Amino acid sequence: MTKSLKKIALIVSSGTFVSKIGGLVRQLVIAGAFGIGSAYNAYNYAYIVPGFFLVLIGGINGPFHNSIVSVLSRKSLKEGNEITRIVNTNLGAILIIFSLILFISADPIIKIFGPGLSDEVHKIAVIQLQIMSPIAFFSGLIGIGFGYLNTKGEFFIPSISPLLSSILIIIIVGVFWLDQGNEINSYNYALKGGILLAISTLTGAILQWLIQIPSLINKGLRQNKLKWAWNHSGAKEVWKILYPASLASGMLQINVFTDLFFASGIIGAAAGLGYANFVVQAPLGLISNTILLPLLPIFARLSDTNQSKKLIKKIEQGLIFSSASMIGIGAVLISLSTPIITLIYGRGAFDSTAISLVSKLLIAYGLGMPAYLARDLLVRVYYSIGDAKTPFRISIIGIFLNILLDWILIGAPYSEGNYFQFDFGPQGIVFATVLINFFTCIYLLLQLKLKIAIIPINKWLFKIAKLLLSGFITVISVFTLSGLIIWPKDLLELSIGISIFSLLGILIFILSAQLMHIDEINDLIILFRKKIIHF
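What you are looking at is a predicted structure, and each value in this text was computed from that prediction instead of being measured. (Residues numbered from 1 in each chain as written. Predicted model: local features only at pLDDT ≥ 70, side-chain atom pairs only at ≥ 80, totals over all residues. Heavy atoms only, no water.)

1. Quick look at the overall build of the protein
Here is step 1: Summing up its helical and strand segments, the protein has 21 helices and two strands in all.
Here is step 2: For the protein, the proportion of its 535 residues judged to be buried stands at 50%.
Here is step 3: Taking the intrachain contacts of the protein between residues at least 6 apart in sequence as the baseline, contacts between residues at least 24 apart amount to 82%.
Here is step 4: In the structure as shown, the protein presents an accessible area of about 25300 Å², 68% of it carried by carbon and sulfur atoms. (Helix = DSSP H or I, 4+ residues; strand = E, 2+ residues; numbered from the N terminus. Buried < 20%, exposed > 50% of the residue type's maximum accessible area, 1.4 Å probe, protein only. Contact = heavy atoms within 4.5 Å. Areas by Shrake-Rupley, 256 points an atom, 1.4 Å probe, with all protein chains shown as cover.)

This is how it looks when you write it as structure tokens:
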């Protein structure tokens, strides 16, 4: 059984890794073709709703995928096939209606999400949304198929499927970019490119469904067999799990909608936020899988056996590990933001203006990385002790705070101008999220102290303060030293320079933390060393 689980983990991790590489190349091609221009800026608004459906309904480990797997895993082959056909029929009918609504109402939907968009960007976004509206329908087919295949032991196709969409975008957008040449800054270029980007996204979603069909047929399921049964008990089980999970995921999306709403009046902001966030998500995902995932079952086991002291020790370990890793990596991203963005995106339409904008946004995201992962850890601690209400309550408060802070930090705009003289621009939108995540962490820690009185919060906060000081020393040192050289334009030389200063930054951070007697830093080094050797 252990061997089987290891094999599954290897298949999923391999497929996911390849898909991530494909996603990186896709972003590089999009950045080169469109930069922070109208086509990709519009795409960020047009993709909001179709992307929401693709994540919520069609995404692996999304709410719908998890509900399908949890129900079908307990059913026989015959009953599972019947439930799948019923859910496929009922959900398909609902999603066809949603797709039609998206197509017909594309213009007012874009006005709602992006009231400050220019006429040019608005027009492109409306066309893109109309093209991508069928994604809502296909997301249902994708999600049902992936869930069914997982219950039958098929893991590779679901994990590799996002790669198809990336490859399609790489080919279509890449050919378009190379073919257009000097027209790269024209409106016609943005319009044509935006349309092709939307078409390739839709086609990629369709391919994610088509690739499932041979395996589904081989496993005994034909999706073309429809069955209406709204009151079927098995289908009701799926909906029962899906509703609360969808609500929680939907709340996370509200903050994304809010950020894009306030970014709509800032030229290139939506595109810039997307590029910078993509860079940050890579280390966040890596550290989350390395540190958080192994701790989650331990939290649950210790909370069930009422071993409070051991649970507190593990929470402290997770909190210091996640804070140390994120502060160290964040310090490097902050101090080397411009060369890093230049290396990743700096070609084609991604000009010096785009590099400057995204570099500043990367600094803002880097400042918030420790709180982002710490919040993730603390939320899971609450789930492990059987308290889902506290994280839910603070997330509701966070939504309203995000709206308020977004508005304030971009100067509090209104019809006749700004209420405030300061305006942080798109960085203000990121700062709002950073402040909310810090507030959430403090709130969750204080509430956890009320539940487990012996938690040494002051000790934890003092350690984190020393880590932040180490991070500050790292930023100042690396920024100063890297400023003494002229960064090369050659990609190989640039990557070597970034690697050298990144390693120097990590070394400075580790030495600073050790001098401040943060013992966990040595344990963290051992953990990463084991992971690297195992890999």
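2. Brief notes about the packing of helix α14 (residues 308-335) against helix α20 (residues 491-515)
Here is step 1: Following both chains from N to C, one finds α14 and α20 inclined at 140 degrees, their axes separated by 9 Å at the closest point. As summarised for this structure, α14 and α20 are arranged oblique, according to the angle between their axes. When you trace α14 past α20, the crossing you get is right-handed. Between α14, through A324, I327, G328 and V332, and α20, the contact on the second element is made entirely by S502, G505, I506 and F509.
Here is step 2: Residues belonging to the contact of α14 with α20 are distributed by class as follows: five nonpolar, three polar and no charged. (Axes fitted to C-alpha atoms, helices over the stretch in contact; angles between N-to-C directions. Parallel < 35°, antiparallel > 145°, perpendicular 65-115°, else oblique. Left-handed = near helix turned anticlockwise from the far one by under 90°. Nonpolar A, V, L, I, M, F, W, Y, C, P; charged D, E, K, R; others polar.)

3. Remarks on the side chain of S133
Here is step 1: Mapped onto the secondary structure, S133 falls in the loop between α7 (119-132) and α8 (135-151).
Here is step 2: S133 sits in the buried class, given a relative accessible area of 3%.
Here is step 3: Ignoring any residue separated from it by four or fewer positions in sequence, one finds S133 in contact with S99, L102 and F103.

4. Description of the packing of aromatic side chains
Here is step 1: Taken as a whole, this structure holds 23 aromatic pairs when the rule is applied.
Here is step 2: A ring pair is formed by F53 and F98, whose centres lie 5.4 Å apart and whose planes are at 55 degrees; its orientation type is tilted. Linking F53 in helix α3 (residues 48-56) with F98 in helix α5 (residues 77-104), this pair joins segments that are 45 residues apart in sequence.
Here is step 3: Judged by relative accessible area, F53 falls into the buried class, the value being 9%.
Here is step 4: Take F98: its relative accessible area is 37%, and that puts it in the partly exposed class.
Here is step 5: The structure contains a cluster of three or more aromatic residues connected by ring pairs, namely Y40, Y43, Y47, Y275, Y345 and F350.
Here is step 6: If you follow R375 out to its NZ or CZ, it ends over the ring of Y372, 5.0 Å from the centre. (Phe/Tyr/Trp six-rings, centres within 6.5 Å; stacked < 30°, edge-to-face > 60°. Lys NZ or Arg CZ within 6 Å of the ring centre and 35° of its normal.)

5. Some details on unusual backbone geometry
Here is step 1: You will see that A412, though not glycine, has its phi angle at about 55 degrees, which is positive.
Here is step 2: With respect to the helices and strands, the residue A412 is situated in the loop between α17 (389-409) and β1 (413-414).
Here is step 3: Positive phi, close to 60 degrees, is recorded for H517, a residue that is not glycine.
Here is step 4: Note on placement: H517 falls in the loop between α20 and α21 (520-534).
Here is step 5: Residue classification places H517 among the exposed residues on the basis of a relative accessible area of 62%.

6. Concerning helix α19 (residues 457-482)
Here is step 1: Between its first and last C-alpha atoms α19 spans 37 Å; for 26 residues at 1.5 Å apiece the expected length is 38 Å, and the two agree.
Here is step 2: Listing the buried residues of α19 in full gives I457, W460, K463, I464, K466, L467, S470, G471, T474, V475, V478 and S482. (Expected span 1.5 Å × (residues − 1).)

7. Here's the deal with the confidence of the model for the protein
Here is step 1: Confidence in the prediction for the protein averages 83 pLDDT; 84% of positions are at 70 or higher.
Here is step 2: The least confident element of the protein, judged by mean pLDDT, is helix α4 (residues 63-72) at 68; the most confident is α7 at 95.
Here is step 3: When the criterion is pLDDT under 50, residues 1-5 qualifies, and its contacts beyond four places in sequence or with other chains add up to zero contacts. (pLDDT = per-residue confidence, 0-100.)

8. Let's talk about the environment of I454
Here is step 1: Within the secondary structure, I454 sits in the loop between α18 (426-451) and α19.
Here is step 2: Counting along the chain gives 146 residues from I454 to S308, while the straight-line C-alpha distance between them is 8.5 Å.
Here is step 3: Discounting residues that sit within four places of it in the chain, I454 has contacts with S308, K309, I312 and K449.

9. Comments concerning the pattern of salt bridges
Here is step 1: What the rule picks out here adds up to three salt bridges.
Here is step 2: Ionic pairing is found between D107 and K111, a salt bridge with its closest N-O pair at 3.4 Å. With a gap of four residues between them, D107 and K111 both fall in helix α6 (residues 106-113), about one helical turn apart.
Here is step 3: Linking E316 and K459 is a salt bridge whose minimum nitrogen-to-oxygen distance equals 3.6 Å. Note that E316 is positioned in helix α14 and K459 in helix α19, a separation of 143 residues in sequence.
Here is step 4: Assessed through its relative accessible area of 41%, K459 is described here as partly exposed. (Salt bridge = Lys/Arg side-chain N within 4 Å of Asp/Glu carboxyl O.)

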